[in-house]
Amino acid sequence: MSRNKKDALLPGERCDSKWCSVRSSGIHGRGLFATRKIPAQTNIIEYKGDRISKDEANERGWAQMDHAKDTGDAAVYIFTLNDEWDIDGNVPRNAARLINHSCEPNCEAFIDDDQIWIAALRKIQKGEELFFNYGFDLENYEEHPCYCGTENCVGYITGEDFWPDLQKKLAAKKATETRKSKKKKD
Ligand SMILES: [Zn+2]
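Here the structure is a predicted model, which means the values were calculated and not measured.

## Describing the overall build of the protein
Now for step 1: Scanning the protein for helices and strands turns up two helices and ten strands.
Now for step 2: In the protein, the order of α-helices and β-strands from amino to carboxyl end is β-β-β-β-α-β-β-β-β-β-β-α.
Now for step 3: Rg of the C-alpha trace for the protein: 18 Å, near the compact-globule value of 16 Å for 186 residues, within the 12% margin.
Now for step 4: Counting only C-alpha atoms, the protein reaches 65 × 40 × 30 Å along its principal axes.
Now for step 5: Every one of the 186 residues in the protein was classed for burial, and the buried ones make up 25%.

Okay, structure coming up:
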């Protein structure tokens, strides 16, 4: 929680969307919040960034992972754009990088004509925080705990496609821990 963190934008940052603005979030750091009622399917904000090659993305991805380990942020901002290019959204002009993850998001990211957009999955009320699912895979999932606080939170920042496998992993882990604690008692 960082409610005492100052709201709004830092020098060099921009939010070029009429639909939302940057404020401090109860979930994590700063977030984006609807400044007006947003109809379902609306393209809210472009996820901007540097267009980079797959090799460059690989390198920057690892650097961001290392940084995330130090800070505890789920701070990997590389998006797959197409077979050739990725987008690194870790740039001040990309306010969309501040959108938090949720297991029950009200937005989704999609690619349209070589641009990444964050769009409304449903009608969003003025003042609601915007969320999308970061869609991380299960590699290093334990380093990305989820604090979205929704009823169906799976506990880690992972894409829905990976949830069945995540449940299996968590169940297996629990079983091992139970066995270990039993052993200690014996
Ligand atoms: Zn969650």
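Now that the structure is up, let's keep going.
## A closer look at the domain arrangement of the protein
Now for step 1: By domain assignment, the protein separates into domain 1 (1–48 + 93–134), domain 2 (49–90) and domain 3 (135–186).
Now for step 2: Relative placement of domain 1 and domain 3: their C-alpha centres are 27 Å apart.
Now for step 3: If you look at the interface, domain 1 gives eight residues, while domain 3 gives 13 residues.

## Describing the pairing of strand E6 (residues 85–88)
Now for step 1: Of the pairings in the sheet, the one linking strand E4 (residues 50–53) to E6 comprises four bridges and is antiparallel in character. Bridging across to E6, Asp-50 finds its partner in Asp-88.
Now for step 2: Of the strand pairs in this sheet, strand E5 (residues 78–80) and E6 are connected by three bridges, and their pairing is antiparallel. The partner of Phe-79 across the bridge, within E6, is Ile-87.

## Concerning the environment of Ala-57
Now for step 1: By the secondary structure assignment, Ala-57 is in helix H1 (residues 54–71).
Now for step 2: Residue classification places Ala-57 among the buried positions, given that 20 C-beta atoms sit within 10 Å.
Now for step 3: Distance in space between the C-alpha atoms of Ala-57 and Arg-23 is 29 Å, their sequence separation being 34 residues.
Now for step 4: Residues contacting Ala-57, with those up to four places away along its chain left out, are Ile-52, Ile-78, Asp-86 and Asp-88.

## Observations concerning the nonpolar core
Now for step 1: Counting 21 residues, the largest nonpolar core has Cys-20, Ile-44, Ile-99, Ile-118 and Leu-130 as the members making the most contacts within it.
Now for step 2: If you list the elements that add at least two residues to this core, you get strand E2 (30–34), strand E3 (43–46), strand E9 (115–120) and strand E10 (131–132).
Now for step 3: Looking at this core, the element that brings in the most residues is E2, giving three residues.
Now for step 4: Counting seven residues, the second largest nonpolar core, distinct from the first, contains Cys-103, Tyr-141, Cys-146 and Ile-157.

Procedures and definitions
- Residues numbered from 1 in each chain as written.
- Predicted model: local features only at pLDDT ≥ 70, side-chain atom pairs only at ≥ 80, totals over all residues.
- Helix = DSSP H or I, 4+ residues; strand = E, 2+ residues; numbered from the N terminus.
- Rg over C-alpha atoms; globule rule 2.2 N^0.38 Å.
- Buried ≥ 20, exposed ≤ 12 C-beta atoms within 10 Å, placed from the backbone.
- Domains from an automatic or database assignment.
- Contact = placed C-beta atoms within 7 Å.
- Pairing = 2+ DSSP bridges.
- Core = buried A, V, L, I, M, F, W, Y, C linked by C-beta atoms within 7 Å.

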